[in-house]
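Geometric and topological summary
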Amino acid sequence: MEWPGDFPEDHAFVELLVPGVSSASDFEQLLKDTEEKLNLNANSIEQQLKELQAKMGDSRTGERPLSPTECLQWLNLRAHNSLRPVSTGHQELMDFFKALQQYLRSDEEGKEEAALQFLLNLSSQCGVCFPCAPSTFSTSSSVHPQLNTSLINLVHTVRDDASLENQEAWDDVRVQLRRHLLDRLSSRSPEHPHKHIFTLSIAERVHCLQQLFFLYPESEVLSHYQGLRSQSVMVLLLSALTSSPGGETGFDRLAVGFRSAVPALTQALTEELHVLSRLAEPHTILGFINAAYLSTVAQELASLMERECETALRDNTTLGRKIKKYSARSRATVEEAARIIGHASVGLFDHVTRRRLHTYVPLNKPSNVAPEAEHGSKGSGGPVLCNDAPMELPMKNRSFSLTSHQLRALTQLACTLLGFERTVKEQVTNMTFIDCTGETPCVKGILKKREDSDMTTDGRKCTAETFPHTPEAQVLEFEWRSAFRGLVPHMAHCVKVVLDDVCAKSLQQEDALFSSGHTSITLSRIGGDTTLAESNTPLREDSFYTYSERETPKVIAKFCGAIVIELDALLPLAVACRDGSLLEVCSSFVEACGRTAFAMLGRLQERALEVPSSAPLKNLPALIATCIYVHQRLEHYHARLKGSHTTAAKVPLTLLPIQKYHDTAEALKEQLTSYCSQVCSTCILQDAESHHWADPKPFYEGERCSFSVQMWFYFLCGLRSDLWAVLPAELAKKVLGQVLAETLQLLVQRYARARPSYKRLLQIRCDITAVLLYVEQLMWSVCESPEALVHSKPFSAIAIIAGGADWPYIIHSLCEQLLTVLVIVTAPLSLLYRIFMIDPAKTSAPDQPDSPVVHWLNAINPDLFTEQVIRDGLMGQAASACQLRLLTSDPGCNPRLLLQMLLYRDCHLPRTLLENSYLCQESRLETSTEHYKAADDFVVTLFNLFSCLNNVPKALTQVLEPYLEQAQIWEHLYTLADTTRAVPVVISCVRGIVNKSTNSLLVHLVSMVTSWQATEEPIEALFKQNVPESILAKVPKEWNYTAQEARGKETLTKTVISITIQALSFIFTNLPMAVASIPLPIRFLFQVAEKHLSQHARQLRSVGLLLWALLGCLIQGLEDPHTLEQISGVELDRGAKDTLSLLAECLQAVIGIQQKGVPKPTVHKVLQALEEKRPKWTNMQLQKARKLCSDSMFERGRESGVAVAELTEQKIGLMLLEVCHKAGGNDYLRQIYNIIQANEELLMFKLTGSTNSSGDSPHLVNFDRQVDPDAGFNPLQQFDHIGKKKLDQSAMVDWAWDWPRLLPAYEGMSQVTSKTLLANRWEMQEVAELEEEEKSMVEELQNAYFVCCCSSGLQDSHEAAETPAE
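Residues numbered from 1 in each chain as written. Predicted model: local features only at pLDDT ≥ 70, side-chain atom pairs only at ≥ 80, totals over all residues. Heavy atoms only, no water.

1. Quick look at the overall build of the protein
Across its full length, the protein holds 55 helices and six strands. Sequence-distant contacts in the protein: of pairs separated by 6 or more residues, those separated by 24 or more amount to 82%. Here the protein has roughly 62000 Å² of accessible surface; of this, 53% comes from carbon and sulfur atoms. (Helix = DSSP H or I, 4+ residues; strand = E, 2+ residues; numbered from the N terminus. Contact = heavy atoms within 4.5 Å. Areas by Shrake-Rupley, 256 points an atom, 1.4 Å probe, with all protein chains shown as cover.)

Structure follows, in structure tokens:
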């Protein structure tokens, strides 16, 4: 490395993690720094070993360094050889121990700490090894008999064969010291005993345990410590249960109490892991956690559950032979609804299942008691409902049944404990590196009662001093499930009854509503009343739920929503009971879930059959959405309940009708599309007056299109509104595309067959023009991307032949056929003759590109879909406007299209939003506080989104640069560390990201200082409070003990300088990685900002703006004790604060910040010592860190230059994945989408570059305007509108078709098609009245295209019915 190897007190934290390494330079720097840290640590360890060998008188200079294994062997050999007996007299030892006993029994304050430090000093200075054998009361001596003598190198030892009197005296001293240390470890906060288990810091607890290890074996110490922690956990649980604010009782009290206790319990367990990870091996830690925490929670829960069960037994008692009516009508409703789906439901309702449903198992019933014996005679009645009213009866005639409210409380309790279990697994995995995150819970049998656990093998109770040893464990043992064992039959029974009852009531209410004439299905919105309860959200938002927002329905049938709510509420209980002896509850849930699912399915199918005879069409989308949602929930249940192979064999997961719901949803979708097509073909498009093509009179004087075409579009707009409001976005687009394609095919066939009269020619032209305009309007809602809108994909035809369906491709094809009909049938005869007959070689069609070209869009909207757009794709303003219209026409937020649109043209759209808001106006307009806040929220959203796009690091700067320039915000980046001034929100966001990087450094710095204090302060305390002379006089002379004198101020200053140098070395060692942890977009922002801050060039010359801000924030954090305590969780004393403040002053001197007042001499000494040890190393590290602020930007900038210009689907997908993996990423996209949707008119005006703005068009972006989701379809307005524009019938009649440009494109068309369509022209009819010139042209066309003029009309008219529509 760059510094000498004689700096042994230095080391590096290799475990400092980098939150986000973004570029190849960052990865390269990470590898280099890691290698340097490892080398530094190796040098430090080697130097320390050399010093240790020198102190022990066995220097090995000149030889090769020892390997770690050789070092350990050498140390063990030296320790063994140094154990030699000395002639310490029996009386001398007794006098020494008695003096200690007398001192410890005195009233002097701090006597225990002084005695402990004195004994440790004796051991380290004189090599005296005091026996740390297991205590005579401990039962753990047989488990861990080894002595803890590996901490020091022994010169002398106390003989183990000393008299019993010496051993008893030493034991008495140890007991008093142990009592003191255990009292410290067991202290709790008197103000909040149920919130804080510990008052000692982690370092203090580690120190106490290390002192105990000096006195007793590790196993015995951990056993005592385990007992303390078990008692603390018990006190915390009882305090939480007794302080219920709502006055809950019964199982509610348990659920609320554990929910309030789990956060404090989790915090205590996390701190415990930090303590034990410094003292014990991972598997010992697992055993400790199992015994002290998990087992205690399980035992206490078992005791409380048993007590509540006894209370419930008294309150819920029912007469065994008198069974409450279960409501035969309700059960019949469930079964009758399930029968509708046919023979598949027979297995669910066989007599075994019925018997299970009706079986009642009391709490005190043996497992081998038959149901008939329990209920009395066979004719005694039906099942017992779980919510019977209590009755006062003799105990012998009582039986126990859970109420639905009690079952819900137990479910909430199980959900809380599941969340606690998952958190503990994650914490233990992170701290011990043992994978504990498996899904299979570990249930270790039935928990014994606490009084039984205190009995010995001979039946006698253990003494108070006895603690079970802490065994090593391989897995975490979550035994809380065993507390539910006594309630298994009752929970299983109640789950069935509750679900059946909820299903029956919901179906009855729906049936009553439908019978009363309310045929429209009542809907409930997903995300409203059908979401899971708050306590169950961890089960919904885990990795098992894989459906995105675009795949989830928006609303479902209300009666099914109520049932799904109940299923979701009971799911945590089933998940908790999916293994071991609790499996009956899970099986019961699956069976009941299967029954209710079949019942719902039967009702959904029944309601579908009533459309359209007695129910409206809009019911079908609601039924499809409900089937899809229930299908998704059933798949979620299957994933959550699927366990081991053994469990899968016992839990009847096949009873969940997952496939049936999928098949039903597909069948209903087919029913919907076929019905819509039939309505159009048999009703809407059937207009005899409009279709009378041979009529010599014009249709409505040639002033409008056919009514049927207008009503067709009106119907499709209404269908789109219904689909958009209910179905998942992707499915809604597919259904609309299918209906549009199928009905459009009918229109193509109609107009391909039509042979209009001269007066009806305008009608066909107007109709086809209207159809193309309508389809162009609907295509924005059907297509997923601009490419699908403009280009037809060549492989789509192959996919369609193979059985697929690409509806945009089919629609494009049909519209091309309509345009062909329009051109060939209605074009002026003279132009047609000139193009087709006069010198076709000179008027040949232009060269066609290799890729398919969509002509009809260019013909109907040449301003947007120019020939270049058709040939090369959308670019520039046209592409931006097209993306905007696709985005706002979608049923919901399309994340992929939105992200593509935000990045297109160097982030043109978000820049447009900011530039046209009050944020970038020269004169600030008066606006409301809410609008200011909404604008700030939008800026924060943009920042959070673009700051995580490392693939396009320039995007964030491109979006914010106009705003930062206009509002003059660059200067705030230079003073980023100054928290006293009010700053714009974007600066707060930047500061937050920089602080994330500095906080990781600050946490380690606090740990370094507190660890140093934990080592130094006990020695200082020993000097401040020496043991009395009476004890010093009794120290045996053979030990050669010399009392140490208090260290002077100069010595203390040296230690402070030493720790400050180590801290500075740590900062600059990890400074490059701190820079690499900052996202690339932020680094690029600082890179650009530095160019705008030329006035600070002198200060930034050596470090650059980013390092200036980062080190400034680090200095600010070091000078703020409150921030340090908050991020580290450690309370700092004055000594630690002074040391960290000195470190801040040293950093200020390094980067050239002017210090307040006269610089301290200590700062100069620290920097001078560091420079002597590592010449120019500090500057080298600064330059290395600064390099990551420039080279990585240019490297990624070159890559992203192509990435932004060519945003392929793969690149957009990767960036979208990056956004979604960030917390809140989906919410950021949703908020931006809402702002775009609310300001669509302004954005379209700006993106298209239009100059003819209307007077009422908005001029500034409104950030707080919300779009009404229910204001989609207005029947009165939509009747005569195309989108937002009013329908102009006369404009369609007089549509200016560019015939000279269109006709050449069809010169090379198929002879069959051209002959068929030419035959349909009015001039080709025998009754046509033509002028001489026209007759000659017609005759030439007939000679050229018809074999037999006399019979061609009839023959070709039949061919026309098929050819264009194929």
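2. Remarks on unusual backbone geometry
Cis geometry is adopted by the peptide bond preceding Pro612, which originates at Val611 and carries an omega value of 5°. Take Pro612: it is sitting in the loop between helix H18 (583–609) and helix H19 (619–641). In the Ramachandran plot, Cys907 falls in the positive-phi region, its phi being about 60° despite a non-glycine side chain. Backbone geometry at Lys1176 places phi at a positive 60°, although glycine is not the residue there.

3. Here we look at the nonpolar core
The biggest cluster of nonpolar side chains holds 378 residues, and the ones touching the most others in it are Phe96, Phe589, Trp712, Phe946 and Leu1005. With 14 residues, the single largest contributor to this core is helix H24 (residues 761–782). Those residues in contact with Trp712 that lie beyond four places of it in its chain are Cys680, Ile684, Leu685, Leu740, Thr743, Leu744, Leu747, Val771, Tyr774 and Val775. (Core = buried A, V, L, I, M, F, W, Y, C linked by side-chain atoms within 4.5 Å. Buried < 20%, exposed > 50% of the residue type's maximum accessible area, 1.4 Å probe, protein only.)

4. Some details on the pattern of salt bridges
Under the definition given, this model contains 34 salt bridges. Of the charged contacts in the structure, one is a salt bridge between Glu113 and Arg184, with a shortest N-O distance of 3.3 Å. With Glu113 in helix H4 (residues 111–126) and Arg184 in helix H5 (residues 164–185), the pair connects residues that are 71 residues apart, well separated along the chain. By relative accessible area, which is 24% here, Glu113 ends up partly exposed. What makes Arg184 partly exposed here is its relative accessible area of 24%. A salt bridge links Glu606 to Arg607; the shortest N-O distance between them is 3.5 Å. (Salt bridge = Lys/Arg side-chain N within 4 Å of Asp/Glu carboxyl O.)

5. What about the side chain of Gln1148?
As for its placement among the helices and strands, Gln1148 is situated in helix H43 (residues 1134–1151). Separated by 3.2 Å, the side chains of Gln1148 and Glu1119 make a polar contact. (Polar contact = N/O pair within 3.5 Å; in protein donor to acceptor, adjacent residues only side chain to side chain.)

6. A word on the packing of helix H21 (residues 658–684) against helix H23 (residues 729–753)
Taken N-terminus to C-terminus, the directions of H21 and H23 make an angle of 30°; their axes are 9 Å apart at the nearest point. Taken as a pair, H21 and H23 cross one another with a handedness that is right-handed. Side by side, H21 and H23 meet where Lys669, Glu670, Leu672, Thr673, Cys676, Ser677, Cys680 and Ser681 of the first sit next to Leu731, Val735, Gln738, Val739, Glu742, Thr743 and Leu746 of the second. A class-by-class count of the residues in the contact of H21 with H23 yields seven nonpolar, five polar and three charged. (Axes fitted to C-alpha atoms, helices over the stretch in contact; angles between N-to-C directions. Left-handed = near helix turned anticlockwise from the far one by under 90°. Nonpolar A, V, L, I, M, F, W, Y, C, P; charged D, E, K, R; others polar.)

7. Observations concerning helix H34 (residues 954–966)
Compared with an ideal rise of 1.5 Å per residue, which puts 13 residues at 18 Å, H34 spans 19 Å between its outermost C-alpha atoms and is within 8% of the ideal. At Leu960, H34 shows its strongest bend, of approximately 45°, with the proline Pro962 following within four residues. Burial in H34 covers these residues: Ala955, Leu956, Thr957, Val959, Leu960, Tyr963 and Leu964. Positioned one or two residues after H34, Gln968 has a phi angle of 55°, which is positive. (Expected span 1.5 Å × (residues − 1). Bend = angle between axes of the 7 residues up to and from the residue.)

8. Regarding the environment of Glu308
Note that Glu308 resides in helix H9 (residues 282–315). Residue Glu308 is classed as buried on the basis of its relative accessible area of 7%. The spacing of Glu308 and Phe251 is 57 residues in sequence and 6.6 Å in space, taken between C-alpha atoms. Excluding its chain neighbours within four sequence positions, the residues that come into contact with Glu308 are Gly250, Phe251, Arg253 and Leu254.

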